[in-house]
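# Tertiary structure, described
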Amino acid sequence: MAKWLGFAVGAALAATFVGSAVAVAADVTVGGLVQTQFIAEQHKPSTFIERAIRIKASSKMTEKISAMVTLEAAKEPNLLDAYVDFACCPKLTIRSGQFQMPFGLETQASRFDQEAIENSLIIGELWNNGYGKGYSRDIGVMATARHKVFEFKLAAVNGVGYNYGESNTFFPKWGKDNDGHMDIVGRFGVGVPMFAGLGVSRYQGSWPATETDTTDAVLRTLGMDRTATGFDMYLDAGKVLFQMEYIRGEGLLGSQWKTAGDISDPISYGGWYVLVGFRVTPLIEPVFKFDKYDPNTDVDDDAYSDICLGLNLNFEGKARLQTCYRIKREEADENTLLNKGENNQLIVQMAGKF
Ligand SMILES: [Ca+2]
Ligand SMILES: [Ca+2]
């Protein structure tokens, strides 16, 4: 940690001198993001939270090589991005390090750009290693190829996620793999960046699980398949913004990964969301999002849904005041308090990036 902190401070100092007359070898850019939320919910104390406190430093060291480091200081200090890009040629870039996985839209989006404040339910569960929910980053190597309207990203990653802090058999600290099997993740997209596009994504991985062999009563470590397929679409046509993703996955969920006990059958799960925003003026943007997640497609009446009725005030692309009323529904809890709208939330978020 201290190493990265040192790097960030060093980078910040370097940036201070970039603007001076002294020629500095590396052109370092420093930026950051602060997001503060107020959350109100019945039966819970209303609270302010710091959702993101990020410092980002990037540098283009040579014509073809650049690097980026992002630190997160909200909740607990955490390393988010840490990678080096090598632009082999105008159409192909190789990235190595820790980065957002090339899957769908939301997994790759910046937090500042989230139109409905929170992650979609399916994204939270898809990237849930039992410690961190919606981790979206992993360590490995990624190739990005672009040609006209086509973009192909393909990565090999550990498949563990990055933000876990406990150390046990299955989760060594700080980002080592737990099974030696590299997971493959990629997205093939067609579109015009920042305007419109669609893409298909695939995650092909495995997870260590144990199986007790009843004949000789020994524990054997086996790989359990962990796969996901996604389809996404977006349109950003000035006044109108549209985003949707549909994802189906197979594997374990949440704390099941963490316990990694006796092997059981993988679960089929899925979810989708659709988001529409309308920029009445450059400042005022009402948003609507419907978000659905089914933790087991073979079981009825267990799905979750979220509706966000939101209003975003966008201040010149650098700051946003977002308000979202989240209407939450849990089919499995039809007869409990949760079903009566009593866990709905009002979230107000102020965000600024620099
Ligand atoms: Ca692995
Ligand atoms: Ca179901």
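For the structure, see preceding data.
Turning our attention to the overall build of the chain. For the chain, the count of helices and strands is three helices and 16 strands. Scored against the burial criterion, the 354 residues of the chain give a buried share of 43%. Across the chain, every contact between residues at least 6 apart in sequence was considered, and the portion connecting residues at least 24 apart equals 54%. Here the chain has roughly 17700 Å² of accessible surface; of this, 63% comes from carbon and sulfur atoms.

Below, the discussion takes up the pairing of strand S6 (residues 137-147). Inspection of the sheet shows strand S5 (residues 92-100) paired to S6 by nine bridges, in the antiparallel sense. Bridge pairing links glycine 97 to glycine 140 in S6. Alignment of S6 against strand S7 (residues 150-157), held across eight bridges, turns out to be antiparallel. Within S7, the position partnered with histidine 147 by the bridge is phenylalanine 150. From the end of S6 to the start of S7, which pair antiparallel, there are two residues, and lysine 148 there has a positive phi angle of about 50 degrees.

Ranked by size, the top nonpolar core spans 23 residues in total, and within it Met101, Phe103, Leu126, Trp127, Val157, Val185 and Tyr203 carry the most contacts. Secondary-structure elements contributing two or more residues to this core are strand S4 (78-89), helix H2 (121-126) and S7. Per element, the largest residue contribution to this core is four residues, and it comes from H2. The next biggest cluster of nonpolar side chains, apart from the first, holds eight residues, and it includes Ile39, Ile117, Leu241 and Cys308.

Another aspect to go through is the environment of aspartate 232. Turning to its location among the elements, aspartate 232 is positioned in strand S10 (residues 218-237). In this structure, the C-alpha to C-alpha distance between aspartate 232 and serine 201, residues 31 residues apart in sequence, is 8.2 Å. Dropping the residues within four chain positions of it, aspartate 232 is found in contact with Gly104, Leu105, Arg187, Gly197, Leu198, Gly199, Ser201, Met244 and Glu245. At 2.8 Å, the side chain of aspartate 232 and the side chain of arginine 187 are in polar contact.

Next up on the list: the state of the cysteines. Scanning the entire structure with this criterion turns up one disulfide. Across the disulfide from cysteine 308 sits cysteine 324; the S-S distance is 2.3 Å. Separated by 16 residues along the polypeptide, cysteine 308 in strand S14 (residues 304-315) and cysteine 324 in strand S15 (residues 319-330) bring together distant segments of the chain. Of the two residues, cysteine 308 and cysteine 324, neither departs from the other in class, the shared state being buried. Residue cysteine 88 stays outside any disulfide, its sulfur separated by 5.9 Å from that of cysteine 89, the closest cysteine.

Two strands pair when backbone bridges link them, and strand S3 (residues 65-72) and S4 are joined in this way by seven bridges, in the antiparallel orientation. When the bridges of S4 are listed, alanine 67 appears paired with valine 84. A loop of five residues connects S3 with S4, the two strands running antiparallel in sequence, and lysine 75 in this loop sits at a positive phi of about 65 degrees. Where S4 lies against S5, seven bridges are found, and the strand directions are antiparallel. The partner of valine 84 across the bridge, within S5, is serine 96. Turn length for the S4-S5 hairpin, with the two strands adjacent in sequence and antiparallel, is two residues.

Parameters at a glance
Residues numbered from 1 in each chain as written. Chains lettered and ligands numbered in written order. Predicted model: local features only at pLDDT ≥ 70, side-chain atom pairs only at ≥ 80, totals over all residues. Heavy atoms only, no water. Helix = DSSP H or I, 4+ residues; strand = E, 2+ residues; numbered from the N terminus. Buried < 20%, exposed > 50% of the residue type's maximum accessible area, 1.4 Å probe, protein only. Contact = heavy atoms within 4.5 Å. Areas by Shrake-Rupley, 256 points an atom, 1.4 Å probe, with all protein chains shown as cover. Pairing = 2+ DSSP bridges. Core = buried A, V, L, I, M, F, W, Y, C linked by side-chain atoms within 4.5 Å. Polar contact = N/O pair within 3.5 Å; in protein donor to acceptor, adjacent residues only side chain to side chain. Disulfide = S-S within 2.5 Å.

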